[in-house]
Amino acid sequence: MAVCAYAIFGGLTMSVIDLLIKKRFGGELTREEIREFVRGVTDGSVADYQASAMLMAICINGMTAEETLNLTMEMAVSGDTLDLSAIRGVKADKHSTGGVGDTTSLVLVPLVAACGVKVAKMSGRGLGFTGGTLDKLESVPGLSVSMDTERFIETVNKHGLAIIGQTKSLAPADKVLYALRDVTGTVDCLPLVVSSILSKKIAAGADVIVLDVKTGSGAIMPTYEKSLELARTMVDIGNRTGRKFAALVTDMNQPLGNYVGNALEVYEAIEILSGRAEGDLKTVSLMLGAHILRLAGVVSTVDEGVRMLEEKIRSGEGLKKLSELFACEGGDPRVPYEPDRLPKAPKQIDLFSDADGYVAGIHTDKIGYAAKALGAGRERKEDKIDLSVGIVMKKRLGDRVKKGKPLLTMHVSEISDVPRAEALAREAFRFTDTKPETPELIRGVVE
């Protein structure tokens, strides 16, 4: 027998099929219609094939700003929402649309907390070629990202920061729709991306949220125009909810940092917070953190915020906060001062250039997939990973290379598929005889 869900509005009964037909022909769904659709997705009364049809209709016909706001808010309240009112002061969060070598959270969270802003952050795991903050944290010996809400609030109040995994009851409608988007070719549909990201952030309860929207070969939106549109839409919708939002559009045409892999990326964050490393990862982290400080009212300008964060690096307060973060989540607090305590892969293999020239292009996603082939990433959330393996980049865009010199170093273990990783990494590089222009790192700011 066919499944047919019904929504009841003001005594009238409308089937989900009526909603599908309405959206199929470009109609605008009301808040009540979206509420019932999301409710049906969450409790299973709307079948997967019906939800898939709605996703495709939205993808083809789009949504108005009001529809996107309503979808976001209904998904946010489809499960539990966190009440962070017991946390004293402004609560901040940051979200990245995903990248490779993107360790900004482990740099900016302790720095922002050292400036007096509470950071109550829920993060995700790596999937496909993108890394996940939770996996990176779990490379610290003893650390657990599991924490109930009461302890989460206590930790943020006492230490000023915490990074934990998202609870299963947070925005459950998104889990269903996200899985369906993945198999229906609707992953990059703008209103669906917006509602997916923002529903979780709004349900997580922060007052100030800064978004890092990636653009380029390692991003969900490969063109700058699409990335800028996504950033503008998310800030507009986010601000309509009563929270304070800003977004940066940042380049992902090469790995953001030089280290790709879980323990390796923690090591690079420690190097930055110790004042021993510079580069793109530090630059983006400071800019994101400075926007948080501005929205939180700690500084009046972004430049002032950058200077404050840099001072927290020089004073060692940022590194101390990272140690505090590790300790309050059960991890070894000595790691920031003794990074050799992080897991190490048993073997290192260099990938050598087979030509002279300049690095003119890097397919960032292929570097991410190469790290995954080594065991640093997963295809499904339940897949096991090796926290010690990964890639260290030796060359970046615009660098001069010589034949026979290393392009990168692979940190490998017994589970690593080295031939596949080598092939993917080699395919990632493109060379020219003349020095190319390097892409601008921060492509746009939306406030």
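Please refer to the structure higher up on the page.
The text that follows walks through the structure, step by step, so that each part is easy to find. Small disclaimer: the values here were computed from a predicted structure and weren't measured. (Residues numbered from 1 in each chain as written. Predicted model: local features only at pLDDT ≥ 70, side-chain atom pairs only at ≥ 80, totals over all residues. Heavy atoms only, no water.)

Focus: the sheet that holds strand β14 (residues 429–432)
What the three strands build is an open sheet, ordered β12-β10-β14; its pairing is antiparallel. Where the open sheet ends on each side, the last strands, each with one partner, are β12 (400–401) and β14. Where strand β10 (residues 357–362) meets β12, two bridges bridge the pair, whose relative direction is antiparallel. Of the residues in β12, the one forming a bridge with Gly357 is Val401. In the packing of helix α16 (residues 418–428) onto the sheet, the strands contacted are β10 and β14, and the crossing angle to β14 comes to about 35°. (Pairing = 2+ DSSP bridges. Helix = DSSP H or I, 4+ residues; strand = E, 2+ residues; numbered from the N terminus. Contact = heavy atoms within 4.5 Å. Axes fitted to C-alpha atoms, helices over the stretch in contact; angles between N-to-C directions.)

Topic: the pairing of strand β13 (residues 406–412)
Across the seven residues of β13, six count as buried, placing the element largely inside the fold. Direction of pairing for strand β11 (residues 390–393) relative to β13: antiparallel, over a ladder of four bridges. In the sheet register, Gly390 faces β13, and the bridge partner there is His411. (Buried < 20%, exposed > 50% of the residue type's maximum accessible area, 1.4 Å probe, protein only.)

Overview of the packing of helix α2 (residues 31–43) against helix α4 (residues 65–76)
Where α2 meets α4, the closest approach of the two axes is 9 Å, and the angle between their N-to-C directions is 40°. As judged from the angle between their axes, α2 and α4 are oblique. The interaxial crossing formed by α2 with α4 has right-handed handedness. Across from Arg31, Ile34, Arg35 and Val38 in α2, the residues of α4 making contact are Glu67, Asn70, Leu71, Met73, Glu74 and Met75. Looking at the contact of α2 with α4 residue by residue, the classes come out as five nonpolar, one polar and four charged. (Parallel < 35°, antiparallel > 145°, perpendicular 65-115°, else oblique. Left-handed = near helix turned anticlockwise from the far one by under 90°. Nonpolar A, V, L, I, M, F, W, Y, C, P; charged D, E, K, R; others polar.)

Topic: the packing of aromatic side chains
In the structure shown here, the tally under the stated rule is two aromatic pairs. Measuring from centroid to centroid gives 5.6 Å for Tyr259 and Tyr267, while their planes differ by 55°, and the two rings are tilted. Both rings, one in Phe429 and one in Phe431, keep their centres 6.2 Å apart while their planes meet at 5°; by these two values the pair is stacked. Accessibility expressed as a relative area gives 8% for Phe429, which makes it buried. In this arrangement the basic side chain of Arg400 is found over the ring face of Tyr358, its NZ or CZ atom lying 5.2 Å from the centre. (Phe/Tyr/Trp six-rings, centres within 6.5 Å; stacked < 30°, edge-to-face > 60°. Lys NZ or Arg CZ within 6 Å of the ring centre and 35° of its normal.)

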